[in-house]
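So the chains spell out like this:
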Protein chains: 2
Amino acid sequence: MRLTREQVERFERDGYLFFPSLFSTAEMQVLSDQVPRLFAQHRPENVREKDREAVRTNFAAHLYSRPFARLARHPRMVEPAMQLLDEAVYMHQFKINGKMAFDGDVWQWHQDFGTWKNDDDMPEPRAMNVAIFLDEVNEFNGPLMFIPGSHKLGVIDAAHDTSTTSYPLWTISHDTIARLVDRGGIVAPKGPAGSMILFHSCLVHASTSNLSPWNRVSVYLSLCAVSNHIRRFKRPEYIAHRDFNPIECLPDDCLLKEYEVALPWKNGSPQDAGDTSLAA
Amino acid sequence: MRLTREQVERFERDGYLFFPSLFSTAEMQVLSDQVPRLFAQHRPENVREKDREAVRTNFAAHLYSRPFARLARHPRMVEPAMQLLDEAVYMHQFKINGKMAFDGDVWQWHQDFGTWKNDDDMPEPRAMNVAIFLDEVNEFNGPLMFIPGSHKLGVIDAAHDTSTTSYPLWTISHDTIARLVDRGGIVAPKGPAGSMILFHSCLVHASTSNLSPWNRVSVYLSLCAVSNHIRRFKRPEYIAHRDFNPIECLPDDCLLKEYEVALPWKNGSPQDAGDTSLAA
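The following refers to the structure shown. (Residues numbered from 1 in each chain as written. Chains lettered and ligands numbered in written order. Predicted model: local features only at pLDDT ≥ 70, side-chain atom pairs only at ≥ 80, totals over all residues. Heavy atoms only, no water.)

1. A look at the sheet that holds strand β4 (residues 89-97) of chain A
All names here are of chain A.
Piece 1. A sheet is described by the order of its strands in space; here seven strands give the open sequence β1-β10-β6-β12-β4-β3-β2, paired in antiparallel fashion. The open sheet has two free edges, formed respectively by β1 (16-19) and β2 (46-48), since each of these has just one partner strand. Taking the axes of each pair of neighbouring strands and ignoring which way they run, one obtains an average angle of 15° across the sheet.
Piece 2. Taken together, the three bridges between strand β3 (residues 55-59) and β4 define a ladder with antiparallel strand orientation. Bridge assignment links asparagine 58 to a residue of β4, and that residue is isoleucine 96. (Pairing = 2+ DSSP bridges. Helix = DSSP H or I, 4+ residues; strand = E, 2+ residues; numbered from the N terminus. Axes fitted to C-alpha atoms, helices over the stretch in contact; angles between N-to-C directions.)

2. Some points on the relation of the copies chain A and chain B
Piece 1. Once chain A is rotated about the relating axis by 180° and shifted along it by 0.0 Å, it coincides with chain B to within an RMSD of 0.0 Å. Expressed as a symmetry operation, the mapping of one chain copy onto the other fits a two-fold axis.
Piece 2. Of all interface residues in chain A, 100% are interface residues in chain B too; the two copies therefore contact each other through one and the same surface. (Least-squares fit on C-alpha atoms with pLDDT ≥ 70 in both. Contact = heavy atoms within 4.5 Å.)

3. Here's the deal with the side chain of arginine 70 of chain A
Piece 1. Assignment of secondary structure puts arginine 70 of chain A in helix α4 (residues 66-71).
Piece 2. Apart from residues lying up to four places away in sequence, arginine 70 of chain A is in contact with Val30, Leu250, Cys254, Leu255, Lys257, Glu258, Tyr259 and Val261 of chain A.

4. Observations regarding the interface of chain A and chain B
Piece 1. Taken together, the contact pairs 24 residues of chain A with 24 residues of chain B.
Piece 2. Of the roughly 1,900 Å² buried at the junction of chain A and chain B (both faces included), carbon and sulfur atoms supply 74%.
Piece 3. The largest contributions to the chain A side of the interface with chain B come from Phe102, Phe140 and Leu211 of chain A, which together make up 32% of the buried area.
Piece 4. Taken together, chain A and chain B are joined by seven residue pairs in polar contact (both at pLDDT 80 or more).
Piece 5. Taken together, the residues that form the side of chain A that touches chain B break down as 16 nonpolar, five polar and three charged. (Buried area = accessible area lost by both parts, 1.4 Å probe. Polar contact = N/O pair within 3.5 Å; in protein donor to acceptor, adjacent residues only side chain to side chain. Nonpolar A, V, L, I, M, F, W, Y, C, P; charged D, E, K, R; others polar.)

5. Observations concerning the packing of aromatic side chains
Two descriptors summarise a pair of aromatic rings, namely the distance from one centre to the other and the angle between the planes of the rings.
Piece 1. Counted according to the given criterion, the structure contains 20 aromatic pairs over all chains.
Piece 2. Aromatic side chains phenylalanine 68 of chain A and phenylalanine 94 of chain A sit 6.2 Å apart centroid to centroid with 80° between the ring planes, which places their arrangement in the edge-to-face category. Pair noted here: phenylalanine 68 of chain A is in helix α4 and phenylalanine 94 of chain A is in strand β4, with a separation of 26 residues, a long-range link. The residues phenylalanine 68 of chain A and phenylalanine 94 of chain A share a single accessibility class, namely buried.
Piece 3. Grouped by ring-pair contacts, the aromatic residues Phe59, Trp107, Tyr167 and Tyr238 of chain A constitute a single cluster.
Piece 4. Looking at arginine 43 of chain B, its charged tip hangs above the ring of tyrosine 64 of chain B, at a distance of 3.6 Å from the centre.
Piece 5. Taking the ring centre of phenylalanine 23 of chain B as reference, the NZ or CZ of arginine 76 of chain B above it sits at 4.5 Å. (Phe/Tyr/Trp six-rings, centres within 6.5 Å; stacked < 30°, edge-to-face > 60°. Buried < 20%, exposed > 50% of the residue type's maximum accessible area, 1.4 Å probe, protein only. Lys NZ or Arg CZ within 6 Å of the ring centre and 35° of its normal.)

Okay, here's the thing in structure tokens:
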């Protein structure tokens, strides 16, 4: 999958690209079928919503679930990131965000690179998010909101919010958000299951709570240029990966056909995956 | 202001009517100008968001603010309710909902009549909400969400939720909401400041949090048929009024011209407005 010159220019201007229905319903079903089983597991990779049972985020399923391991090597997700970064990429983070019906909580305004820099010591914003919708995203189930063009400001000052939700996040001040929105507005791409969003690691985004009866499960691949790998292992390995080997893509039909993939954590994550060390 | 036969039929079918830009910008400005002053007051009528300074709801401003006292007698708001109820109406509740930029919290799925019946012993759902937008309402600042047709089920079982937000509410179970939405879907009327919504007291509604930099201040008149007045004074008088006299409308230009109105609480609410009594 090659982005056109027009798409590349749009990405540079807005900080994101939206591809409605890029994957088929059959391809998404292969993934959706695994989600209840993954979310039901009691393992550290499942972060639950504050005061609730609902899973907010499942981490690193590509290391213990076959369909997600294949997704992590999908050319439609990985190749555009390689093209934009002009380099091989490794998997910095792999997550399934639940944003479950009735229970899905907010994500405050933030840049992903803010966290990756502050917590993981990633040198440059040479990393990319690629998200796909396992469910339809509509105006009622808490769509991602972007401030177009906000990626151009580089790293914006942020404060570590450890109390609003169950997941600590480096969040941006209200004054700054108001200023950015004044200039760029807000957009919220919506579309059927199988739609994909590619967005810059400095693009400011948020999402509101999901009061609707519709789940809004999405998968995020955070792909980092290999030369730009993180320098600090402050967070558990299942949140910020330490395997900097370049991803080798599978063929385009890899969700519908069986291809051999390694599942190193299929019997649980290794003892040291939860270890953290500022000295590492 | 008379509703057409078509509007009356639509109201009976859907449970609400939406009137975009029914009031002018100049009319709304007269009200908006008063809001910061009202919200800044430290009086029991201002209920603040959980753990925040932002005002969630200001009650009973029509008893101590001249422009809101005139709004409470506005024919464009009061006459449609009289027409639909085919009777004179009194003011059961008058509130300004803040849903302030960044801080506005959710309102869980509920019917207003559930609270009016359970707390105030209002005999029948012969009451109506009429809301106007003081700010533009868009997809990002937490618009009201309705389940069309849900008013036809009468009073739905509800549980008293005293913990989710700063304001106790009789809320409806997730299973019931999912069933209702399956049948009726969800709508969220959006439009410029000055738009008005009229909705049935049994219409199930909710609104999500406001993460945007745009306030979403709205005024709600809850108008009850005079013969259907509440029987129990369990809640403070500034939340559930005890003056059952019929509202006498002012002329249509009453927001832009000065008309004499009584302001009985202009020096603070009376000592006994906070009193409650199950025996009353």
